[in-house]
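In case you want the letters, here they are:
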Amino acid sequence: MVIFRQLSLGVKAALAAGTVFVSMVVSRSYLAENLELSAWRWLFRLQLALFANSLMLVGSLYIWRSAVSNLNHSPAAESACFQLWKMAVVTFLALAHSSFFTMLFLVAEEPYLFSLAAYSCLGAYIIMVFFFCTLSGMEQAYQLLAWRSGRVVGSLDKTRKLALRPALAVVVTAVLSIAGLLNAAQPPAVKTVEVPLHQLPPSMDGLKVVLLSDIHLGPTVGRTKMEMFVRMVNMLEPDVTVIVGDLCDSEASILRTAVAPLGQLHSRLGTYFVTGNHEYYTSDVSNWFTLLESLNVRPLHNENVKISATRAQRGSTEDDDWICLAGVDDIEADILHYSGHGMDLVKALGGCSPDHATILLAHQPLAAKRALQARPDINLILSGHTHAGQIFPLNVAAYLLNPFFAGLYQVAQTTFVYVSPGTAYYGIPMRLGSRAEITELILRRAP
């Protein structure tokens, strides 16, 4: 206990995050089967919110030290303006920390204003932490260069820097946050991509597949946006529409009216869905499958359908002019030990012949990589998950952590992977360095 008291607040916050993470693992292993499903869902989300907030405490302490504590000994520390500044920083950090808890209490057909404000502050928080870290690194480099050249940095320079840092941080964060908010508020861009497919039947040359991903119905995305997405898709007159995961961030019963516009999608050969990691975070996948089926959206739960120029069906078909559209569960179902779910490529591709074109729906690019390692004969894999980073500087992390980041990749002569940057956004209603997208894929018969 004495040693714990001597630790810095940052280290304590890191230890708290580690403790919550261990509790998540333990509860998943030992409590999941003993608790009612509703109680388990609430506990799991509470643990996720506490884990995120524990990690955020490290950044919040850094912001407080950079924006407030370093100014406590300045002449302006006793002024009324400085007291108002401290209150503003506290309010900003409190809103950012509250964002993850809106998943528990503030999810409805349309977003609550508080949720939008809280997640906007979370986006600004990420930008500000990055700015302060970058500025600190630049200052350290400047001081090193000054020391090597024999120049002494005067105390006046230090005083000015302490005052300028928070002012500069506010200006930069505000400008980038407003730019991100305006970008995310726009309708998604419609991007048309032609993909050559070997073994594509002549009768299906020009087949139009519309790709949606990462809509994230929840605290900041509601029915109005879903209606807009459906209108935009219907204007494209797709043959097939696919949704490659992360459709929702809460239970089906709560978001039933928000997702209802999906029932108005008009796809000549059907609309298909595979799970993303966030579906498993809701712990309500079965109810989501039932709801989606009632909206004429067919979940592909490690299974496939044979699509011809005129129809789609499960199982074998007498017509030889068809392609195989398969879907796998998200790989995180295995990590979470979600009963009855998990990526099963063998089952998903059962009945798909190498003599016919195969399209695989797999939420995460990592799943796409694993699928190609096991079955390099797959012609096209459609994924999402990365959001193309959504906001800077998360773009850099998303690029480094995923084998495919965004857009079309030709992995081999006859194999392509397309990663959608997402149709909406997750939580934070911002996009900085990325753009939401509805993808229109035109399949062409390769020579």
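Refer to the structure above for everything that follows.
So, here is what we can say about the structure in this document. Residue positions are given per chain, counting from 1 as you read along its sequence in written order. Given that this is a predicted model, residues contribute local features only at a pLDDT of at least 70 and side-chain atom pairs are listed and counted only at 80 or more, while totals for whole chains, interfaces and linings are drawn from all residues. The basis for every side-chain value is the complete set of heavy atoms in the structure, and neither hydrogens nor water enter the calculation.

Once that is clear, we can look at the packing of aromatic side chains. Aromatic rings from Phe, Tyr and Trp, taking only the six-membered ring of Trp, are treated as a pair when their centres fall within 6.5 Å; an angle between ring planes under 30 degrees marks them as stacked, one over 60 as edge-to-face, and anything in between as tilted. Here the structure, examined in full by the defined rule, presents 7 aromatic pairs. On the numbers, 5.1 Å between centres and 85 degrees between planes, the contact of Phe130 with Phe392 is edge-to-face. Of this pair, Phe130 sits in helix H6 (residues 113-149) while Phe392 is found in the loop between strand S10 (380-383) and helix H15 (394-401), placing the two residues 262 residues apart along the sequence. When a residue's accessible area, from a 1.4 Å probe over protein chains only, is under 20% of the maximum for its type it is buried; when over 50% it is exposed; and in between it is partly exposed. Phe392 gets classed as partly exposed once you look at its relative accessible area, which sits at 37%. Geometrically, the ring pair formed by Tyr280 and Tyr338 is edge-to-face, given 5.0 Å between the ring centres and 65 degrees between the ring planes. With Tyr280 in helix H10 (residues 277-281) and Tyr338 in the loop between helix H12 (332-335) and helix H13 (345-348), this pair connects stretches of sequence that are 58 residues apart. Just as Tyr280 is buried, Tyr338 falls in that class too. An aromatic cluster is built from Tyr62, Phe131 and Phe132, whose rings are joined through pairwise contacts. Elements are defined by DSSP. Helices are runs of H or I of four residues or more, strands are runs of E of two residues or more, and each kind is numbered from the N terminus.

The next subject is the sheet that holds strand S1 (residues 189-197). Strands pair, by our definition, only if DSSP identifies at least two bridges between them. One open sheet holds the 6 strands; their spatial order is S1-S13-S2-S3-S4-S5, and the pairing between them is mixed. Both outer strands of the open sheet, S1 and strand S5 (297-299), are each paired with one neighbouring strand and no more. Put simply, the sheet's adjacent strands are angled 25 degrees from each other on average, direction ignored. Where strand S3 (residues 240-244) lies against strand S4 (residues 271-274), 4 bridges are found, and the strand directions are parallel. Residue pairing for S4: Val242 is matched across the bridge by Tyr272. When checking whether two residues touch, look at their non-hydrogen atoms; a contact exists if any pair is within 4.5 Å. With axes taken as lines fitted to C-alpha atoms, and helix axes fitted only over the stretch in contact, angles between N-to-C directions fall between 0 and 180 degrees. Docked against the sheet, helix H8 (residues 223-236) engages S1, strand S2 (207-212), S3 and strand S13 (437-445), running at close to 25 degrees with respect to S13. Against the sheet, helix H11 (residues 285-294) contacts S4 and S5, and its axis sits at roughly 145 degrees relative to S5.

A patch consists of residues exposed above 30% relative accessible area that lack any salt bridge, with like charges linked at up to 9 Å and nonpolar side chains (Val, Leu, Ile, Met, Phe, Trp, Tyr) linked at up to 5 Å. Here the open area of atoms and residues is found with the Shrake-Rupley method and a 1.4 Å probe, where only the protein chains shown may cover a residue. Any Lys or Arg side-chain nitrogen found within 4 Å of a carboxyl oxygen on Asp or Glu counts as a salt bridge. Together, Phe130, Phe392, Val396, Tyr399, Leu400 and Leu401 line one region of the surface with nonpolar side chains, adding up to about 660 Å² of accessible area. Looking at which element gives the most residues to the nonpolar patch, the answer is H15, with 4 residues.

Among the 5 residues that make up S3, 5 are buried, leaving the element largely enclosed by the rest of the structure. Neither face of S3 is exposed, since Val240, Val242 and Val244 on one face and Thr241 and Ile243 on the opposite face are all buried. As defined by bridge partners, S2 adjoins S3 across 4 bridges and the pair is classed as parallel. The partner of Val210 across the bridge, within S3, is Thr241. Of the crossover connections in this fold, the one passing from S2 over H8 to the parallel S3 is right-handed. With helix H9 (residues 252-259) bridging S3 and its parallel neighbour S4, the resulting β-α-β unit is right-handed. Place the viewer so that the strands point away; then a crossover is right-handed whenever the path from the first strand over the helix to the second strand goes clockwise.

The biggest cluster of nonpolar side chains holds 40 residues, and the ones touching the most others in it are Ile215, Leu217, Met226, Leu247, Val259, Leu262 and Trp288. Going through the elements one at a time, S2, H8, H9, H10 and H11 are the ones with two or more residues in this core. Take this core: its biggest share by element is 7 residues, from H8. Here Leu262 is in contact with Met226, Val230, Ile243, Leu247, Leu292, Leu295 and Val297, once residues within four sequence places are set aside. Counting residues in hydrophobic clusters, the runner-up holds 32 residues, among them Met103, Tyr119, Ala124 and Leu135. Put simply, a nonpolar core is a bunch of buried Ala, Val, Leu, Ile, Met, Phe, Trp, Tyr and Cys residues held in one set by side-chain atoms that sit within 4.5 Å of each other.

What follows deals with unusual backbone geometry. Both trends apply: most residues other than glycine have a negative phi, and most peptide bonds are in trans. Looking along the chain, the bond that leaves Phe392 and enters Pro393 is cis, with omega of 15 degrees. Note that Pro393 resides in the loop between S10 and H15. Of note, Gln390 is a non-glycine position whose phi angle comes to about 65 degrees, a positive value. In this structure, Gln390 sits in the loop between S10 and H15. Using a relative accessible area of 6% as the deciding quantity, one classes Gln390 as buried.

A helix is expected to span 1.5 Å multiplied by its residue count minus one. Taking 1.5 Å of rise per residue, the 14 residues of H8 would be expected to cover 20 Å, and the 20 Å separating its terminal C-alpha atoms lies within 8% of that figure. Within H8, burial applies to Lys225, Met226, Met228, Phe229, Val230, Met232, Val233 and Leu236. Once H8 ends, the next one or two residues include Glu237, with phi positive near 50 degrees.

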